[in-house]
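The lines below spell out each chain.
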Amino acid sequence: MSKKLSDLELFSGLKQETIDSLTSLCIEKQYKKGEHIFFDKDKVTTIFIVLKGKVTLYKIGEKAHKRIIFILGEGKIINDVVLDDLPASISCEAFEDSEILCFDRDEFVKIMSKDFELTTVVINSLSKKVRRLYRQIKNATPIKIEKRVAAKLWKLAKDHGVEVEDGVEIGLNISITYLADMFGTPRETISRALKVLQKEELIVLNGKKIIVKDKNKLAKYFKNN
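Please read all numbers here as calculations on a predicted model, not as lab measurements.

Peer 1: I tried to follow the pairing of strand S4 (residues 55-60) on my own but got confused; where do I start?
Peer 2: Regular strands have side chains that alternate between both faces of the sheet. With six bridges connecting them, S4 and strand S5 (residues 66-72) associate as antiparallel partners. If you follow Lys 59 over to S5, its bridge partner there is Arg 67. Here S4 runs beside strand S6 (residues 91-94); their pairing, made up of four bridges, is antiparallel. Looking across to S6, one finds that Tyr 58 is bridged to Ser 91.

Set out below in structure tokens:
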């Protein structure tokens, strides 16, 4: 387990003593696709970090619509809010079969107090999520849905993209329903938006795979008024 922890970029700057302390504390769990790690309002006393696979953080909004907030992959802290004693404010489920590292929250915080680099790791993780939330708020303003979808696909291509002959393939099996959950909107609305982007020759749909033909052109599309 020590080798696995030290191999994660998240922990690359930590002292060996800290790695050893985290290793002794760590429990590894397996989650199947669709299995929940925790639910909104649950009392959670464990810090979860993705070792392998991907997880989804989501909220249930108006009319029971599911709204995807984040997709987190290897080396990402799932629940950064470790210092309070409040219930979870979001739900988390496995996007695909995943291996999750589990740490007792109180013991994890004790290790943070002994190594400021670990505290910095948690703060940086939180900061990135806050910046992404700010962008989501900006993208929630009343602009055309196809531009909002274009912005989301650009970000997914940036974070999970794989170079292919036709452009950049988003390396996730994302259904139209799942995309709709990302926006908290009906499936039909997203389907129409994707057709617009196809007509503009910005994307190619291949089953559950989406190929962004040119990230720069896609960026210009959603940034232009």
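Peer 1: How should I be thinking about the nonpolar core in this particular structure?
Peer 2: Generally speaking, nonpolar side chains in soluble globular proteins are found buried as a group. Residues Val 149, Leu 153 and Ile 170 are the most contacted members of the largest nonpolar core, which totals 32 residues. Elements supplying a minimum of two residues to this core: S5, helix H5 (145-160), strand S9 (167-170), helix H6 (176-183), helix H7 (187-199), strand S11 (209-212) and helix H8 (215-223). Here the element with the most residues in this core is H5; it accounts for seven residues. Two domains each donate at least three residues to this core, and these are domain 1 (5-131) and domain 2 (145-223). Those residues in contact with Ile 170, other than ones at most four positions away along the chain, are Leu 153, Leu 156, Ala 157, His 160, Lys 209, Ile 210 and Val 212. Counting 21 residues, the second largest nonpolar core, distinct from the first, contains Phe 11, Ile 49, Ile 77 and Leu 118.

Peer 1: Would you take a moment to explain the domain arrangement of the protein for this structure?
Peer 2: The figure often quoted for interface size is the accessible area lost as the parts come together. Segmentation of the protein into domains returns domain 1 (5-131) and domain 2 (145-223). Just the C-alpha atoms count here: the centres of domain 1 and domain 2 sit 27 Å apart. The interface of domain 1 with domain 2 comprises eight residues on the first partner and eleven residues on the second. For the pair domain 1 and domain 2, the summed buried area comes to about 950 Å², and 59% of that belongs to carbon and sulfur atoms. In terms of surface lost to domain 2, no three residues of domain 1 exceed Ile 68, Ile 71 and Phe 95, which account for 47% of the buried area on that side. Across the contact surface, domain 1 and domain 2 share zero salt bridges. In terms of residues, the side of domain 1 that touches domain 2 owes the most to one element, S5, which gives four residues. Its residues assigned to classes, the side of domain 1 that touches domain 2 shows three nonpolar, two polar and three charged.

Peer 1: Mind showing me how you'd approach H8 here?
Peer 2: Two residues of an α-helix separated by three or four positions point the same way, owing to the 3.6 residues in each turn. Inspection of H8 places Leu 218, Ala 219, Tyr 221 and Phe 222 among the buried residues, and these make up the whole buried set. Buried positions in H8, seen along its axis, are confined to an arc of 160° and lie on one side of it. Residues of H8 that are exposed and point more than 90 degrees away from the buried face comprise Asn 216, Lys 217, Lys 220 and Lys 223. On its buried face, H8 is in contact with H5, H7 and S11. Two or three places before Asn 216, at the opening of H8, Asp 214 has a side-chain oxygen 2.9 Å from that residue's backbone nitrogen.

Criteria and thresholds
Residues numbered from 1 in each chain as written. Predicted model: local features only at pLDDT ≥ 70, side-chain atom pairs only at ≥ 80, totals over all residues. Heavy atoms only, no water. Pairing = 2+ DSSP bridges. Helix = DSSP H or I, 4+ residues; strand = E, 2+ residues; numbered from the N terminus. Core = buried A, V, L, I, M, F, W, Y, C linked by side-chain atoms within 4.5 Å. Buried < 20%, exposed > 50% of the residue type's maximum accessible area, 1.4 Å probe, protein only. Domains from an automatic or database assignment. Contact = heavy atoms within 4.5 Å. Buried area = accessible area lost by both parts, 1.4 Å probe. Salt bridge = Lys/Arg side-chain N within 4 Å of Asp/Glu carboxyl O. Nonpolar A, V, L, I, M, F, W, Y, C, P; charged D, E, K, R; others polar. Arc of directions from axis to C-beta. Polar contact = N/O pair within 3.5 Å; in protein donor to acceptor, adjacent residues only side chain to side chain.

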